[in-house]
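Overview (structure and organization)
Residues per chain, in single letters:
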Amino acid sequence: MGTDTRPRISIITPNFNMAGYLSQTIDSVIPNLQVGDEYILIDGGSTDGSVNVIRAYEPWLTAWVSEPDRGHADAIAKGFARATGDILCWINSGDLLLPGALDAARLALTDSGADLIFGDDLYVDEDGRVIFFSRGYVSDLKNAMLYGGWTPLQDACFWTRALYHRVGGINPDLKQAVDYDLFLRMAMQGTARYVPLTFSVFRRHG
């Protein structure tokens, strides 16, 4: 009997009072999961019914928690602290993974030999209408971030757990530029590659 040698992916969703969109996010992630992948949901102590939504999906979740935290970065850090996959990513509550996104990312990271890949996404409004296509291309991620203040599309980024730990992980104390800080440190210490694929959907909302 053969052994599945595919890299395992751990995906984190932070949530706080986003019950209106949470089920859509979860519904986009679950069909992407393969055997061995992990889906961890970190709720910040929501009071809007989010916990009821989470409980409905409990059989498909690797782990979840609902408790007060210090903010967005702290929630994500808590999720990654539980992750054991070879590849990491996060999708915010309200955003969506497109069908096949995780398998495409798994293959792209393996084939490229990169530590971090970044791609494209779609922007939608509160009602799910596509506003525009966002191309995430730059030829040199490190220089684009250092000298251009550019940040890759967070929902279309995937990286190795080894790189994440090598840079010390996400800074749970940050209140702004959380993704910029993490991706800059990873771009400076690892190999980053652009992949011309649309992985995800970013939702603009109030």
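Right above here is the structure, for reference.
Quick look at the structure, then. Keep in mind the model is a prediction, meaning the values are calculated, not measured.

Here's the deal with the pattern of salt bridges
According to the stated counting rule, one finds nine salt bridges in the structure shown. One salt bridge in this structure joins Lys 78 and Glu 67, with 2.8 Å as the shortest N-O distance. Linking Lys 78 in helix α3 (residues 72-82) with Glu 67 in the loop between β3 (63-66) and α3, this pair joins segments that are eleven residues apart in sequence. When salt bridges with common partners are traced through the structure, they connect Asp 37, Asp 103 and Arg 106 into a single cluster.

Quick word on the pairing of strand β7 (residues 130-134)
In this sheet, β7 lies alongside strand β6 (residues 116-124) in antiparallel orientation, the contact comprising four bridges. Each residue of the ladder has a partner; that of Asp 121, found in β7, is Ser 134.

Overview of the side chain of Gln 154
Its location among the elements puts Gln 154 in the loop between α5 (141-148) and β8 (157-160). Accessibility expressed as a relative area gives 7% for Gln 154, which makes it buried. Polar side-chain contacts of Gln 154 include one of 2.6 Å to the backbone oxygen of Trp 90. Those residues in contact with Gln 154, other than ones at most four positions away along the chain, are Trp 90, Ile 91, Asn 92, Asp 179 and Phe 183.

Observations regarding the packing of aromatic side chains
On inspection of all chains with the given rule, the structure shows 13 aromatic pairs. Taken together, the ring pairs connect Phe 80, Trp 90, Trp 159, Tyr 164 and Phe 183 into an aromatic cluster.

Quick word on the environment of Leu 97
As for its position among the elements, Leu 97 is in strand β5 (residues 96-97). For the pair Leu 97 and Glu 126, spaced 29 residues apart in sequence, the C-alpha to C-alpha distance is 16 Å.

Considerations on a nonpolar patch on the surface
A contiguous nonpolar patch, built from Leu 146, Tyr 147 and Met 188 and spanning about 370 Å² of accessible area, is present on the exposed surface. For Met 188, the location among the structural elements is in helix α7 (residues 178-189).

Let's talk about the state of the cysteines
Scanning all chains against the criterion turns up zero disulfides. For Cys 89, which is in no disulfide, the shortest distance to another cysteine sulfur is to Cys 157 and amounts to 9.7 Å. The class for Cys 89 is buried, based on a relative accessible area of 2%. Its relative accessible area of 1% is what places Cys 157 among the buried residues.

Quick word on the packing of α5 against α7
Across the interface, α5 lies against α7 with an axial gap of 9 Å and an inter-helix angle of 130°. Considering their axes alone, α5 and α7 lie oblique with respect to each other. Between α5 and α7 lies a crossing of left-handed hand. Only Tyr 180, Phe 183, Leu 184, Ala 187 and Met 188 of α7 make contact with α5, whose side of the interface consists of Leu 141, Lys 142, Met 145 and Leu 146. Here the contact of α5 with α7 is built from residues that sort into eight nonpolar, no polar and one charged.

Rules and cut-offs
Residues numbered from 1 in each chain as written. Predicted model: local features only at pLDDT ≥ 70, side-chain atom pairs only at ≥ 80, totals over all residues. Heavy atoms only, no water. Salt bridge = Lys/Arg side-chain N within 4 Å of Asp/Glu carboxyl O. Helix = DSSP H or I, 4+ residues; strand = E, 2+ residues; numbered from the N terminus. Pairing = 2+ DSSP bridges. Buried < 20%, exposed > 50% of the residue type's maximum accessible area, 1.4 Å probe, protein only. Polar contact = N/O pair within 3.5 Å; in protein donor to acceptor, adjacent residues only side chain to side chain. Contact = heavy atoms within 4.5 Å. Phe/Tyr/Trp six-rings, centres within 6.5 Å; stacked < 30°, edge-to-face > 60°. Patch = residues over 30% accessible without salt bridge, like charges linked within 9 Å, V, L, I, M, F, W, Y side chains within 5 Å. Areas by Shrake-Rupley, 256 points an atom, 1.4 Å probe, with all protein chains shown as cover. Disulfide = S-S within 2.5 Å. Axes fitted to C-alpha atoms, helices over the stretch in contact; angles between N-to-C directions. Parallel < 35°, antiparallel > 145°, perpendicular 65-115°, else oblique. Left-handed = near helix turned anticlockwise from the far one by under 90°. Nonpolar A, V, L, I, M, F, W, Y, C, P; charged D, E, K, R; others polar.

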